[in-house]
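An overview of the molecular structure
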Amino acid sequence: SKLISAYCSLDTRVAEVGKHVKQWAKAWELVGSSDGHLNSYAYTLLTIYYLMQTHPPVVPNLQDLASQSYDPVIVRDRRWGREIGWDCKFW
């Protein structure tokens, strides 16, 4: 996705750590949403979140940076019988 590509462009450690986390999850058979586990994309997002929370952070929160200066990018979710607008802008 564009979001993950943006994070990977900021620091090479994002892709490196993400690769190791996904390899670990596959080795322990923890990947596969059909089996009730997280999918590979979810592990990547968790890795990025972890790298934002380290001290000092490896990467910034791009969505927070975008909220400081850009108009919202609203994606409409019409599942479950109601409509919810999600702000999906970043950097």
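Located above this text is the structure these notes cover.
We now turn to the structure provided with this report. (Residues numbered from 1 in each chain as written. Predicted model: local features only at pLDDT ≥ 70, side-chain atom pairs only at ≥ 80, totals over all residues. Heavy atoms only, no water.)

Focus on the overall build of the protein
Put simply, the test is: In DSSP terms, a helix is any run of H or I states spanning at least four residues, a strand is any run of E spanning at least two, and both are numbered starting from the N terminus. Per-residue accessibility, obtained with a 1.4 Å probe over protein chains only, is compared with the maximum for each type, and a residue is labelled buried under 20%, exposed over 50%, and partly exposed between these values.
From N to C terminus, the protein includes 4 helices and 2 strands. Listing each helix as α and each strand as β along the protein from the N terminus yields α-α-α-α-β-β. Projected onto the principal axes, the alpha-carbon positions of the protein cover approximately 40 × 40 × 20 Å. Out of the 91 residues belonging to the protein, those deemed buried represent 24%.

A look at the side chain of T54
Heads up, the condition is: Polar contacts, as used here, are pairs of N or O atoms within 3.5 Å; protein pairs need one atom able to donate a hydrogen and one able to accept it. Residues neighboring in sequence count only if both atoms are side-chain atoms.
Tracing the sequence through the fold places T54 in the loop between α3 (40-53) and α4 (62-67). Separated by 3.3 Å, the side chain of T54 and the backbone oxygen of L51 make a polar contact. Of note is the side chain of T54, whose polar atom sits 3.4 Å from the backbone nitrogen of V58.

Notes on helix α1 (residues 2-10)
The test is simple: The arc in question is traced by the directions running from the helix axis to the C-beta atoms. Throughout, a contact is declared for two residues whenever any of their heavy atoms are within 4.5 Å.
Restricting attention to buried positions, one finds in α1 the residues L3, I4, A6 and Y7. Seen end-on, α1 carries its buried residues on one side only, within an arc spanning 160°. Opposite the buried face of α1, by more than 90 degrees, sit the exposed residues K2 and S9. The secondary structure elements touched by the buried residues of α1 are α2 (12-27), α3 and α4.

Details of unusual backbone geometry
Geometrically, the link from H55 to P56 is a cis peptide bond, its omega value of -5° lying close to zero. Structurally, P56 can be placed in the loop between α3 and α4. Even without glycine at this site, E29 takes up a positive phi of about 55°. The residue E29 is located in the loop between α2 and α3 in this model. With phi around 65°, W80 is a residue other than glycine that occupies positive phi space. Topologically, W80 is positioned in the loop between β1 (74-77) and β2 (84-87). W80 sits in the exposed class, given a relative accessible area of 77%.

Thoughts on the pairing of β2
As a reminder, the rule being used: Note on pairing: two strands pair once DSSP finds at least 2 bridges between them.
Two elements, β1 and β2, share 4 bridges in a ladder whose sense is antiparallel. Looking at the pairing, R76 lines up with G85 of β2.

Things to note about α3
Selection criterion: Helices are assigned an expected span. That span is 1.5 Å times one less than the residue count.
For α3, with 14 residues, the first-to-last C-alpha span of 20 Å sits near the 20 Å given by 1.5 Å per residue. Those residues of α3 that fall on the buried side of the exposure criterion are A42, Y43, T44, T47, I48, L51 and M52. Against the buried residues of α3 lie α1 and α2.

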